[in-house]
Amino acid sequence: MRLLIADKMDTQALEELRILGVEIISRPELTKETLPAALEGIGILVVRSTEVTARAIEAGRQLNLIVRAGAGVNTIDVAAASARGVYVANCPGKNAIAVAELTMGLVVALDRRIVDATTDLRAGKWEKTRYAQAEGLYGRRIGVAGLGAVGREVLHRARGFGLEPHAWSRSLSQNKAQRLDVGFARSLEELAARSHVLTIHLPLDSRTRGIVGRNVLEALPDGAIVVNTARSEVMDYEALEDVIAKKGLRVGLDVFPNEPDRGTGTIEPRIFGRGLVYGTPHIGASTEQAQRAIAMETARIIRAFMTEETVPNVVNICATSPARYVVVIRMLDKVGVLANTLSVLKRHGINIEEISNTVFDGALATCTKMRVSGRPSDACMKEIAAFDEVLHVDVVSLPNLA
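Residues numbered from 1 in each chain as written. Predicted model: local features only at pLDDT ≥ 70, side-chain atom pairs only at ≥ 80, totals over all residues. Heavy atoms only, no water.

Asker: Where do I start with the sheet that holds strand β13 (residues 325-332) in this structure?
Answerer: Note on sheets: strands pair through backbone hydrogen bonds, and any given pair is parallel or antiparallel. Strand order across the open sheet formed by 4 strands is β14-β15-β13-β16, with antiparallel pairing between neighbours. Two strands lie at the open edges of the sheet, namely β14 (352-359) and β16 (390-397), each paired on one side alone. When strand polarity is set aside, the average angle formed by the axes of neighbouring strands in this sheet is 15 degrees. Taken together, the 7 bridges between β14 and strand β15 (residues 365-372) define a ladder with antiparallel strand orientation. Of the residues in β15, the one forming a bridge with Ile 352 is Val 372. On the sheet, helix α13 (residues 337-347) packs against β13, β14, β15 and β16 and is oriented at approximately 145 degrees with respect to β13. This element, helix α14 (residues 378-385), spans β13 and β16 of the sheet and lies at about 155 degrees to β16. (Pairing = 2+ DSSP bridges. Helix = DSSP H or I, 4+ residues; strand = E, 2+ residues; numbered from the N terminus. Axes fitted to C-alpha atoms, helices over the stretch in contact; angles between N-to-C directions. Contact = heavy atoms within 4.5 Å.)

If you want it as C-alpha cells, here you go:
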C-alpha cells in the first residue's frame, strides 16, 4: 500500500505504518492542479489544505482512502469519492484546543487593544492614557455560535475569564443548554443581541454558508467583539465591513475570503481599514501540540482501515442502508459455495448492499448474512437451497425500514 502525504505535516507519527507494509511518500509541494498526476498507484491520500477534486479522485484509480488531517472535509469532493467507493475521513476535535486558545487570545487582545499598544510602543510612543481605557471581560456575556469540539473548549476557557456563556447551535435544545449551564438562544440573531462577545465556531456546509449575515451582525450591541476562527464562508464579510463602523465593532479574524493557497502570499487588507480589526493568517490549528495530535489521529485512522472492519471518523457512509431484507445462509465452508449463491441473486436482479461472513469452529460451516435491497422470490430461494453445500437459507425483513 502506497500512502501519499500531499501537504506539509509531521510524519513521525506515521512511521509506525511501515510495519504494516505502507510505503510513505511525502510531497508537500503538490497543489490542486498537480495532485491528479501524483496519484498513480496511490492507495491512501492524506491532505490538509490541498484541494482534492473530482479530477484527482478519478486519476487515483487505486485510491481507497482519503484522510483530511484536520477538521472538516470542505476541501475534498466527497460526492466524487463516494461515487468511486473511496472512504473519506477527517480528524475532528484534535485541533480544538489550539483554535480555542487563539479565539480567547483575540478576545483579550481586542478588549485591551494589545496590538495597537504594541505598535505605538515600537514607534516610541507611550500612550498609557489612551490604552488604559478598557472595559474588561469579567461579568460580560459571550455568545458561542456552534458547540462542536472548538465551541465547547471556548466555553471552558470563557468561564475562566468570568464571562457569562450563551450559545446557539442547530443541535442545542433548552434542556441540553441547562445541562451545559449556558444560556439558550433560539436563533443566531437572538444570540448576537445578547452578546458582548460573539465568537463563531460553525462548520461549513450548505446550511451554514453565509449564516452570519447582516441581520445577525446588526443585532449585536454597539462596541461588541466579534471573532471568527471557523470559516470565512459562514460570515458575510461585506456586511461585516459596513457594520464595523456603524456599530463600532471590534473584530478578530483568523479566516478570510480568497486566502492564498500556500504558506506565503498577499491578501486584500481592505477590512483592516474599517475600524478596530485584528487578524492572523489562518493559524488557528497551527500549534505543535495540535499538529502532533492530528498526525497521531491520522495514523490511527489508516491503521484501523488496514487492520479492522471500520474506518474511524468516516464521513461518506450511508447513515441509513437502502437494504430492506437480510438473506441468511448457513453453508459448508467450501470453495465456490458463496460464489454460486451470489450468481443466483444476480440472475434474479437482487442487489446486495452489505455482506458479512462468520466461520464456525473447525472451519466446517459458515453463516453468511447478505443485506439486500429487495425481497428474493420463492424461486430464487429454492435455487439457493438446492445447492448440496447449503444447509439452510432464510430471508428476514429488516425492522422499521419500510
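Having put the structure on the table, let's press on.
Asker: Whenever I open this one, the side chain of Thr 50 confuses me. Can you help?
Answerer: Take Thr 50: it is sitting in the loop between β3 (44-47) and α2 (54-59). The exposure class assigned to Thr 50 is buried, which follows from its relative accessible area of 3%. Separated by 2.8 Å, the side chain of Thr 50 and the backbone oxygen of Ala 6 make a polar contact. What Thr 50 contacts, discounting residues up to four positions off in sequence, is Ala 6, Asp 7, Leu 30, Thr 31, Lys 32, Leu 35, Thr 75 and Arg 262. (Buried < 20%, exposed > 50% of the residue type's maximum accessible area, 1.4 Å probe, protein only. Polar contact = N/O pair within 3.5 Å; in protein donor to acceptor, adjacent residues only side chain to side chain.)

Asker: How should I be thinking about the sheet that holds strand β5 (residues 87-90) in this particular structure?
Answerer: Read from one edge of the open sheet, 5 strands run β2-β1-β3-β4-β5, paired in parallel fashion. The open sheet is flanked by β2 (23-26) and β5, the only strands paired with a single partner. Put simply, the sheet's adjacent strands are angled 20 degrees from each other on average, direction ignored. As defined by bridge partners, strand β1 (residues 2-5) adjoins β2 across 4 bridges and the pair is classed as parallel. Bridge pairing in β2 places Leu 3 opposite Ile 24. Strands in contact with helix α12 (residues 288-307) are β1, β3, β4 (65-68) and β5; relative to β4, the strand with the most contacts, it is inclined by about 160 degrees.

Asker: So what exactly am I meant to see when it comes to the pairing of β15 here?
Answerer: Put simply, side chains in a regular strand alternate between the two faces of the sheet. Sheet topology places β13 next to β15; 8 bridges connect them, and they run antiparallel. Of the residues in β15, the one forming a bridge with Ile 329 is Thr 368.

Asker: Is there a simple way to explain the environment of Ile 244 in this structure?
Answerer: For Ile 244, the location among the structural elements is in helix α11 (residues 237-247). Remark: the alpha-carbon pair of Ile 244 and Leu 276, spanning 32 residues in sequence, is separated by 8.0 Å.

Asker: Looking at this structure, I do not really get α14. What am I missing?
Answerer: Think of an α-helix as turning once every 3.6 residues; residues three or four places apart then point the same way. Of all the residues in α14, the buried ones are Cys 380, Met 381 and Ile 384. The buried residues of α14 occupy one face: seen down the axis, they fall within an arc of 95 degrees. Those residues of α14 that are exposed and angled more than 90 degrees off the buried face are Asp 378 and Lys 382. (Arc of directions from axis to C-beta.)

Asker: Looking at this structure, I do not really get the pattern of salt bridges. What am I missing?
Answerer: One side chain can pair with another of opposite charge once the charged atoms of both are near each other. Per the counting criterion, the structure on display carries 21 salt bridges. Of the charged contacts, one joins Glu 190 and Arg 194 as a salt bridge, the two residues approaching to 2.4 Å between their closest N and O atoms. The partner of Arg 270 in a salt bridge is Glu 241, and the shortest N-O contact between them spans 3.1 Å. Taken together, the residues Arg 270 in the loop between β11 (250-253) and β12 (276-279) and Glu 241 in helix α11 connect sequence positions 29 residues apart. Among the residues examined, Glu 241 registers a relative accessible area of 10% and is labelled buried. (Salt bridge = Lys/Arg side-chain N within 4 Å of Asp/Glu carboxyl O.)

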